[in-house]
Amino acid sequence: MEKRRNNRFEGRSGGFSNFEKRGNWKSSSMPNRAVANIVELKDGDYYSGTVKIMKKSQPGPVIFVVSDGYGSVDAVIKDSDYEVGDVIEISGTVNERAGRLQLEIESMRPSKKDFNLVLEENSAPKRTQFSIKSERLEKLKPYFIKIAKRIRKAVLESQPILIRHHADSDGITAGLAIEQSCKKFMEKIGVNPEYALYRSPSKAPFYEIADVFRDIILSNRLIEFKQKKPLIIVLDNGSTPEDVLGLKTLHSLGFEVIVVDHHNPVVIENKKTAVDAYVSLHLNPYIEGLDSQTCAGMLAYELGRMIFEEYENSKLPAVAGISDLCRIPETDEYIKNTGKTKEFLAKIGKGMDFIAYNIKFDSGKGLYDELFKNEKFVAILDEEVTTGFETQLQSTMPYLRTQDIDGVIFSYIDLEKYTVRFKYPAPGKVIGAIHDIIALQNENRPVITIGHLSDMIIFRASKAILPVQKIIKKLRKDLPSANVDGGGHEMAGAIKFVSAHLTDIIENIKQQIKDVKYLENSQEGKEEK
Amino acid sequence: MEKRRNNRFEGRSGGFSNFEKRGNWKSSSMPNRAVANIVELKDGDYYSGTVKIMKKSQPGPVIFVVSDGYGSVDAVIKDSDYEVGDVIEISGTVNERAGRLQLEIESMRPSKKDFNLVLEENSAPKRTQFSIKSERLEKLKPYFIKIAKRIRKAVLESQPILIRHHADSDGITAGLAIEQSCKKFMEKIGVNPEYALYRSPSKAPFYEIADVFRDIILSNRLIEFKQKKPLIIVLDNGSTPEDVLGLKTLHSLGFEVIVVDHHNPVVIENKKTAVDAYVSLHLNPYIEGLDSQTCAGMLAYELGRMIFEEYENSKLPAVAGISDLCRIPETDEYIKNTGKTKEFLAKIGKGMDFIAYNIKFDSGKGLYDELFKNEKFVAILDEEVTTGFETQLQSTMPYLRTQDIDGVIFSYIDLEKYTVRFKYPAPGKVIGAIHDIIALQNENRPVITIGHLSDMIIFRASKAILPVQKIIKKLRKDLPSANVDGGGHEMAGAIKFVSAHLTDIIENIKQQIKDVKYLENSQEGKEEK
Amino acid sequence: MEKRRNNRFEGRSGGFSNFEKRGNWKSSSMPNRAVANIVELKDGDYYSGTVKIMKKSQPGPVIFVVSDGYGSVDAVIKDSDYEVGDVIEISGTVNERAGRLQLEIESMRPSKKDFNLVLEENSAPKRTQFSIKSERLEKLKPYFIKIAKRIRKAVLESQPILIRHHADSDGITAGLAIEQSCKKFMEKIGVNPEYALYRSPSKAPFYEIADVFRDIILSNRLIEFKQKKPLIIVLDNGSTPEDVLGLKTLHSLGFEVIVVDHHNPVVIENKKTAVDAYVSLHLNPYIEGLDSQTCAGMLAYELGRMIFEEYENSKLPAVAGISDLCRIPETDEYIKNTGKTKEFLAKIGKGMDFIAYNIKFDSGKGLYDELFKNEKFVAILDEEVTTGFETQLQSTMPYLRTQDIDGVIFSYIDLEKYTVRFKYPAPGKVIGAIHDIIALQNENRPVITIGHLSDMIIFRASKAILPVQKIIKKLRKDLPSANVDGGGHEMAGAIKFVSAHLTDIIENIKQQIKDVKYLENSQEGKEEK
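These remarks concern the structure in this document. As the structure is a computational prediction, the values presented were derived from the model and not from experiment.

What counts, and where the lines are drawn
- Residues numbered from 1 in each chain as written.
- Chains lettered and ligands numbered in written order.
- Predicted model: local features only at pLDDT ≥ 70, side-chain atom pairs only at ≥ 80, totals over all residues.
- Heavy atoms only, no water.
- Phe/Tyr/Trp six-rings, centres within 6.5 Å; stacked < 30°, edge-to-face > 60°.
- Helix = DSSP H or I, 4+ residues; strand = E, 2+ residues; numbered from the N terminus.
- Buried < 20%, exposed > 50% of the residue type's maximum accessible area, 1.4 Å probe, protein only.
- Pairing = 2+ DSSP bridges.
- Axes fitted to C-alpha atoms, helices over the stretch in contact; angles between N-to-C directions.
- Contact = heavy atoms within 4.5 Å.
- Core = buried A, V, L, I, M, F, W, Y, C linked by side-chain atoms within 4.5 Å.
- Arc of directions from axis to C-beta.
- Expected span 1.5 Å × (residues − 1).
- Salt bridge = Lys/Arg side-chain N within 4 Å of Asp/Glu carboxyl O.

### Some words on the packing of aromatic side chains
Scanning the model with the defined rule gives 30 aromatic pairs over all chains in all. Their ring planes at 85 degrees and their centres at 5.2 Å tell us that Phe-354 of chain B and Tyr-424 of chain B sit as a pair that is edge-to-face. Of this pair, Phe-354 of chain B sits in helix H12 (residues 342-359) while Tyr-424 of chain B sits in the loop between helix H15 (415-418) and helix H16 (427-441), and the two are 70 residues apart along the sequence. Connected via pairs of aromatic rings, a cluster forms that spans Phe-213 of chain A together with Phe-354, Tyr-357, Phe-389 and Tyr-424 of chain B.

Here you go:
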């Protein structure tokens, strides 16, 4: 049967002859250059090699997309029985048509080459060095390499990639880093990112089931349009027990998920977290005994550089580190690499936050990218952010109630009542700004500031005297029917509950502060850094 | 080589010779099989018959989609003046190209055949037996046959179909039954469901005007893309006076709507309901003197089986019947047909409800279907549903106020204050679970449980001593400016009102319960089933 | 001529011979007509002239879209190195294929013609007279001509157009006028409006940053699909200081924006408003010393008629004028032109408002247009609107508190508490209806009516005794931490604030009314019209 195929073209009136000799004036007089890799092909070159058929379209003449395990190119022939997935030897001349290369197939025959080996080889990242010196990162390198390899393989195989990331500045920079690097890699090897790369923000600080359902629905659509089942990458979310429901669901439906997060997984035993049974690869500094200071934007940026060795965007990890208040030398290194000031980079982070507040669940395609290209845009948003904070502080500061509880400066305010609704910044950010002011006025004292909505308290502290997790534990014990929930760490967190119990909960927290007996233990308290 | 090309075409009359002679190796050596029906065509067959042109696309060669009144196939020719809607005699050989059949037209001439007769004939359902024995269903059979015929005709004519269904488990199973059967029928006859079949949930328990507007907008888009005006099918909604505004609007704009519902139409005179002037076909058991126990999921499933005679999905009507608490022998028959336990099927229904809560207005394309294929997925969601109910009961039960009103156990609770917000299950489901607990504790007494939000009361009763419609009527009389609205029956319902009157309304309902004088009439009360 | 075609290719290597011989039976026997303008081409005509390449697509044969600076047509050739943007001389015969004309290129060579001159010439509006006599409009004519020219140029160059308009009846009619005229113009010259014309409503009464971000995201998508950066047109919004943030942002990103608005720009110095530095063209009657009575729907309609000289839809400006209560002779002129009664046209306006309420952020593509075509549809919606108002008045009127403050009839009501939620009409419309009733009962007295939500007051007055801007100014001074904001004029407005201060604000407004000393100044008061 294969024989017949070659014969077909020789002995016949040239069924696809009208595709062969389109006078391509620019190149027709040059001798054809023989090129071994598809990515290096130029108009007029001659190619001969082993490829896998990635796509086949009709009607009209057959247009294949063929890949040599790295680059892809359109290959055209009048007709052919070869199908998607076949590995074949082809040869032909390449012509440029409307800015797109097209190989006009002269011969095709089956190949016995093990194409998986080629893929495996090309998947290994070509760049394995980080952009900065960092012991933290070096400790995590094996994770980076494995994950970069897996993502590169997905790109090489045209497997769609779905990126889900937390919707704060750190999560967004992480999302951009993976999106940008994959996109550049795809463009390099001839895959159209429009149909192979998706990025969506998660409003919740975990990969909640509603987002998971949406991702399954999108995947079903892709599969209906004959795409592969996507690879899902979760960034700045995904490591904690709250993520289990979503990841377990995806696992039960046969999805492969990769998690890159820096939040405390809470549960870790023998380097295994609560989500590890449901994900294929998981990078989190806590697993290797580190902490959240190496933020998601840093991790994802370094990963992006390994996904595609030509990818660079030095501002991303710097903005992430500043926005997430990472007080480690890595942050300074990243800032240095940008050639910009910390102040300017901080404005980009604030601009991201402002955009995210306004576009809600939209991925902001192309919009965040403008912050990295256009300083005027950054300045306009910064001015608006500054005014926004001033307005909200003007409304709230006069109504903040502050008291001294056994040496601890405790303040609280009803954010629903005293903030301007539907206006940036949102209540959570407002309480942060209020806290910073009170803390600055009381540098030598522990300052705890809470803002409440009807069913939530936002907590900020200047010293680690009362961790949020401990508060929540005690509230759950004392007020079981309040169904207290939430999370956070020593300095910040959120506590959710059934609204009926608001007053009791605030009183309970005050009592918990009293029970710390800060003044009594103040010697210790003051020695704490 | 160029010379050769000219030769090829010079000797022939046909400019599209390059479409005729594509050596199709698989079949070229076999004698061509002559086939009479398009649906039975295989690679290499020869077809000759009367067809209608459904679609014509260019540029490049003309590609028609032609239908013999049942199956459709692509038919290609270099050029042609025939247009969409023309009925013609064609002949040619069929070849498979990239998994798709294509008829290469050899001859075309006008036909005088009455194509509508062919369509009419093929529209008649091929299967007219129900999947179970049921007197109820038999009584409704003429409705089923008419509606199945109309929908089959729409499919055969490539008229787009828009399915709107209530967003609870019964409505969703109904939607899936019609979607799945139409899809399979379309695939059988060669219509692409991607552009011809749409399904959307209605959040309201009726076909509200906002959904109607959205459907008109979608239809306008389809028409702009040269599709026919869609046929709209309303499931588990559509029979009541609340549906009149929407259906009247669609009617005024020339839309054809079919309603399949099992809710009490309230208004019925001489088998005519309030909506009948605006819909083309209406199936509702009440019209034939039956009740809501034959739920929408059952009706739509049996309809689906008549739309396409090869369609089966026995779990659908069983899940619907269990979810809608249909206590008729049909439910048991459906359960038996699945080979699954009632407990397992109930979990699918709860999983649907959980998904619907999370994806809101999305149709959940492909997602609900997973519940019928993947038991692990069902189990994961069931665990989450169970935990959700436990959490909400823990928050609410301690604050439920229960009193004995003349022998009636009356309980009420503020659901806004005592439930966890934005967490499954929603308040309506929570009050149901609370009521079930109280009812179980007081099996010999009538139990009435109400949960209120600021402008709504959800009502549940264990005995039919005070119908919701009666409560609403009295409230309207006593508190006219509260603008009381809502609906339901003896055992369950919802009452909406202007929030200012909440307290008065609760007191009024208590008084209405007192007025029942249950103890006095208790002999009667106890004899009631 | 058919012969010519064959000759043409016979002498050549005939690469695209399969395009030559499509027997085009209808026209093949007619002599070819030579036509000079692309828009006048018909099947079988011969064209020869200078064109610019607007689009080039492959694979398969090259299909260009070429424009002679006015009309566009598909032009096909086997292969070509000419690219988008090239200006060339072409010739060839036109054939109709599936209802679409296609020029089969016989010759192509570079042209030295200054194509911009052609464009410039064709951009000048062909119609420059208004549809009614109006001194107001005449005063603004230079603005109309410049803006019409700019939009015509965008259409001629296939630059996408994004229309943003306020979401009330005036703004929607304005949006429709520009959308409809551009669409008809595009269809005339062969541009596909599906990819070149977008319309979206703004819910806010200004071009808020969230909408701006969405428009940037859409533009980025268009650019990714190789379209030009869109031209943005803002209607019935865009002139005020609140619009600065959005317009400044767009300007910093290189967008061109045109504003057509009739709201008071507040800031005007030497005919320059706060937004003029950021927009390319700005039409607002205030700039020329006029007022808001020439509403956006009128302005946009007259503009639309200049964008495309064949465009008419006389109901649009009439509906806009009635809905926006424009008491100028122009409104009567527009009504007269429709041949319809004011009552009927008012119903269209109310129907628009009802639709906008229900479809929220959707553009309502095709839906609003139905109101202008289908009187039955108008009647159905009008009935629903009437019932809606009756219901809301029934809930609210009994609870309206009215008092006489020094001769001023002052009424207020809590709209959250006393209106039916999520039901048309929304609180703002309800307070308007309430005010109209009270004003009618007190025709000789100034009537002020306010309705409040938790963080907003809606203000209506029957006499201009206390402008909203003045109220806001005083509130800001007296209650700085309430962060009072809002806008409006002497008779109507909205005041937003931090919810904690609601009671103080109402008391303050009462005091301000007392301070007017209406009775004392009543002589003056009564002389005011």
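### Side note on unusual backbone geometry
Residue Pro-425 of chain A follows Tyr-424 of chain A across a cis peptide bond; omega there is 0 degrees. Residues other than glycine seldom take positive phi values, yet Lys-360 of chain A does so here, at roughly 55 degrees. When you line up the elements, Lys-360 of chain A lands in the loop between helix H11 (342-359) and helix H12 (367-371). Judged by its relative accessible area of 47%, Lys-360 of chain A is partly exposed. Non-glycine residue Leu-325 of chain C carries a positive phi angle of around 55 degrees. Looking at the secondary structure, you find Leu-325 of chain C in the loop between helix H8 (315-323) and helix H9 (329-338).

### Let's talk about the sheet that holds strand E13 (residues 281-283) of chain A
All names here are of chain A. As summarised here, the arrangement of the 5 strands in space is E8-E7-E9-E10-E13, forming an open sheet in which the pairing is parallel. Across the chains shown, the open sheet's two edge strands, defined by having one partner strand only, are strand E8 (197-202) and E13. Within the sheet, the average angular offset between the axes of one strand and its neighbour, ignoring direction, is 15 degrees. In this sheet, strand E9 (residues 231-235) lies alongside strand E7 (residues 161-166) in parallel orientation, the contact comprising 5 bridges. For Arg-164, the partnering residue across the bridge sits in E9 and is Val-234.

### Brief notes about the sheet that holds strand E14 (residues 401-405) of chain C
Residues and elements named next belong to chain C. The 6 strands lie next to each other as E14-E15-E16-E17-E19-E18, forming an open sheet whose pairing is mixed. Here the strands that pair on one side only, and so sit at the sheet edges, are E14 and strand E18 (485-488). Ignoring which end each strand starts from, the neighbouring axes of this sheet average 15 degrees apart. Examined bridge by bridge, strand E16 (residues 447-452) and strand E17 (residues 456-461) share 5 bridges and lie antiparallel to one another. Bridge assignment links Ile-448 to a residue of E17, and that residue is Ala-461.

### As for the environment of Phe-206 of chain A
Residue and element names in this part refer to chain A. You can see Phe-206 is positioned in the loop between E8 and helix H6 (209-224). Using a relative accessible area of 17% as the deciding quantity, one classes Phe-206 as buried. Those residues within four positions of Phe-206 in sequence are excluded, and the remaining contacts are Asn-237, Glu-242 and Asp-243.

### Considerations on the nonpolar core
Counting 115 residues, the largest nonpolar core has Ile-151, Ile-161 and Leu-371 of chain A together with Phe-213 of chain C as the members making the most contacts within it. For Phe-213 of chain C, the residues in contact, after removing those within four places along its chain, are Phe-354, Ile-355, Asn-358, Ile-359, Leu-367, Phe-377 and Leu-381 of chain A together with Thr-249 of chain C. Core analysis: the second largest hydrophobic core is formed by 114 residues, Val-234 of chain B together with Val-87, Leu-283 and Leu-299 of chain C among them.

### Here we look at helix H10 (residues 329-338) of chain A
Helical geometry note: an α-helix holds 3.6 residues per turn, so side chains three or four residues apart project in the same direction. Residues and elements named next belong to chain A. By the burial criterion, the buried members of H10 are Glu-330, Thr-331, Tyr-334, Ile-335 and Thr-338. Along the axis of H10, the buried positions cluster into a sector of 140 degrees, meaning they face one direction only. Of the exposed residues in H10, those oriented more than 90 degrees away from the buried face are Pro-329 and Lys-336. In the core, the buried residues of H10 are packed alongside helix H4 (135-156), helix H8 (296-307), helix H9 (315-323) and H11. Just downstream of H10, Gly-339 is the residue with a positive phi angle, here 75 degrees.

### Things to note about helix H18 (residues 502-516) of chain B
All names here are of chain B. Taking 1.5 Å per residue, 15 residues should reach 21 Å; H18 reaches 22 Å between its end C-alpha atoms and fits that length. Those residues of H18 lying buried are Leu-502, Ile-505, Ile-506, Asn-508, Ile-509, Lys-510, Gln-512, Ile-513 and Val-516. On its buried face, H18 sits against strand E14 (401-405), strand E15 (408-414), strand E16 (447-452), strand E17 (456-461), helix H17 (468-478) and strand E19 (492-496). Just downstream of H18 lies Lys-517, where phi reads positive at about 50 degrees.

### Digging into the pattern of salt bridges
Following the criterion strictly, the structure yields 89 salt bridges over all chains and no others. Two residues, Lys-340 of chain B and Glu-375 of chain B, come together in a salt bridge whose shortest N-O distance is 2.7 Å. A residue pair is termed long-range when its members are at least 10 positions apart, and Lys-340 of chain B in the loop between helix H11 (329-338) and H12 and Glu-375 of chain B in helix H14 (residues 375-396) qualify at 35 residues. Asp-382 of chain B is paired through a salt bridge with Lys-347 of chain B; the nearest N and O atoms lie 3.9 Å apart. Here Lys-347 of chain B lies in helix H12 and Asp-382 of chain B lies in helix H14, a separation of 35 residues in the sequence. Each member of the salt-bridge network shares a partner with another, and the members are Lys-183, Glu-194 and Lys-365 of chain A together with Arg-221 and Glu-224 of chain C.

Don't take any of this as a statement about function, it's just geometry.
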